Each structure stands twice: as C-alpha cells, then as structure tokens.
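# What the coordinates show
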Amino acid sequence: MSSVQSPQSELVGALYRDHRGWLLAWLRRNVACPQRAEDLSQDTFMRLLGRDELKEPREPRAFLVAIAKGLLFDYFRRAALEQAYLTELMLIPEGEQPSVEEQQLILEDLKNIDRLLGKLSSKARAAFLYNRLDGLGHAQIAERLGVSVPRVRQYLAQGIRQCYIALYGEPV
C-alpha cells in the first residue's frame, strides 16, 4: 500500500484539519443531537472524498457549510418522511399492521423513492406525485403547477425515467 496521497485527499485532509472543529460547532447549533452533528460533519468530508474533481475553495467555510446544508436538508426531509410514515402506520388497525421487519423494509423503500425523486426539479417531483399518488390528470396538474399540459407530460416522463433508472440502470 502506497503512502503517497493524491492532491485531492491532501486537500480534504487540510480542510478537515483546519475547519472540522468549526463545522462541527456550526452543525451543533443547527442540530439538537450532538451525535447527528458529528455524523453530518463526517458525511461532509466523505462527500468531498467521493468527488471526481475537487479544487481548493476560495472560502473554505462557506464551501463546507454549503455541503453540510445539503446534507442537513436531506436529513430533515428523510426524518419528516419517516415521521409521516409512522403517523400513517398508527392509523392502521393493530392486527393489520405489517411486521416490524416489513415496516423497516417499507421505510427503506420510501427513503429510496425519496432519494430517486430528489433528483427531479421541484415541479417535476410534484407533478409525478400528484399523478401517481393523488391520481390527478394532466390538466389538473398543469393548473396546480401553473404550467402547460405538454410541460406536465415532460415532468411525468422525467419521473418515469428516474423510476426506470432505479430499476434497470441508465438506458444505453
């Protein structure tokens, strides 16, 4: 194993050494759980390590906060999704509720769907959900979103494409 580091890993290491403490303090002010703040801090640097290309930022703290905010937003969105699922689950009669294992699988599926739809624009995501969950037609969706019916068709096609990619991979 080579001890030579790539310039990218050296840059991430320098950002980690110089700004991790500051980022962690920022996250602790924005997240009630210190362990969650620690996880988000680590995830921020892991995200940097996973990049194909990384240039030295002019404003390192603003750069790190932008990444952490994205992760924080994802965390809160997933937590809200999980809470909504648990609330709906409580409405099901006890004898008809899925087992704990099935509940976990359903929750993971919901998180995967959320991640998949998160790649769409907000209007495309809304159009897809209005159509698939609420059963709204193209004209109704167009009216709600303030767009044309052909645009709704484009949004729905984008949603279906994301589903295809999730199931079968990128089309060739």
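Look above for the structure.
Throughout what follows, the structure given in this document is the object of discussion. Residue positions are given per chain, counting from 1 as you read along its sequence in written order. Side-chain atom pairs in this predicted model are given and counted only at pLDDT of 80 or more, local residue features only at pLDDT of at least 70, and totals for whole chains, interfaces and linings cover all residues. With hydrogens and water set aside, each side-chain value is computed from the structure's full complement of heavy atoms.

### Overview of the overall build of the chain
When its secondary structure is counted, the chain shows seven helices and zero strands. The helix count covers DSSP runs of H or I at least four residues long, the strand count covers runs of E at least two residues long, and both are numbered beginning at the N terminus. Along the chain, from the amino end to the carboxyl end, the secondary structure elements read α-α-α-α-α-α-α. Over its C-alpha atoms, taken along the principal directions, the chain stretches across nearly 55 × 45 × 35 Å. Only protein chains enter the calculation, and the probe is 1.4 Å; a residue is then buried if its accessible area is under 20% of its type maximum, exposed if over 50%, and partly exposed in between. Buried positions account for 30% of the 172 residues belonging to the chain. At a minimum sequence separation of 6, the contacts of the chain that also span at least 24 residues come to 52%. Looking at the chain as shown, the accessible area adds up to about 11800 Å², and 54% of this sits on carbon and sulfur atoms. A residue counts as positive if it is Lys or Arg and as negative if it is Asp or Glu; His and the chain ends are not included. Charge positions come from single atoms, namely NZ of Lys, CZ of Arg, CG of Asp or CD of Glu. Of the side chains in the chain, 23 bear a positive and 22 a negative charge, and the two mean positions are spaced by 8 Å. Whether two residues are in contact is decided by their heavy atoms, any of which lying within 4.5 Å being enough. Per-residue and other accessible areas follow the Shrake-Rupley method at a 1.4 Å probe size, with only the shown protein chains counted as cover for residues.

### Quick word on the pattern of salt bridges
Salt bridge criterion: a side-chain nitrogen from Lys or Arg within 4 Å of a carboxyl oxygen from Asp or Glu. By the definition in use, this model includes six salt bridges. A salt bridge links Arg 161 to Glu 170, with the nearest nitrogen and oxygen atoms 2.7 Å apart. Assessed through its relative accessible area of 41%, Arg 161 is described here as partly exposed. Salt bridges linked by common partners bring Asp 74, Arg 77 and Asp 114 together as one network.

### Re the packing of helix 2 (residues 34-49) against helix 3 (residues 60-90)
Axis definition: a line fitted to C-alpha atoms, over the contacting stretch in the case of helices. Angles run 0 to 180 degrees between N-to-C directions. Contact geometry for helix 2 and helix 3: axes closest at 9 Å, N-to-C directions at 120°. Classed by the angle they form, the pair helix 2 and helix 3 counts as oblique. In this structure, the crossing between helix 2 and helix 3 has a hand that is right-handed. Seen from helix 2, the contacting residues are Arg 36, Leu 40, Asp 43, Thr 44, Phe 45, Arg 47 and Leu 48; seen from helix 3, they are Phe 63, Leu 64, Ile 67, Ala 68, Leu 71, Leu 72 and Tyr 75. Here the nonpolar group is Ala, Val, Leu, Ile, Met, Phe, Trp, Tyr, Cys and Pro; Asp, Glu, Lys and Arg are the charged ones; every other residue, Gly included, is treated as polar. Tallied by class, the residues present in the contact of helix 2 with helix 3 amount to ten nonpolar, one polar and three charged. Note on angle classes: values under 35 degrees are labelled roughly parallel, values over 145 roughly antiparallel, values of 65 to 115 roughly perpendicular, and the remainder oblique. By definition, turning the near helix anticlockwise from the far helix through less than a right angle yields a left-handed crossing, and turning it clockwise yields a right-handed one.

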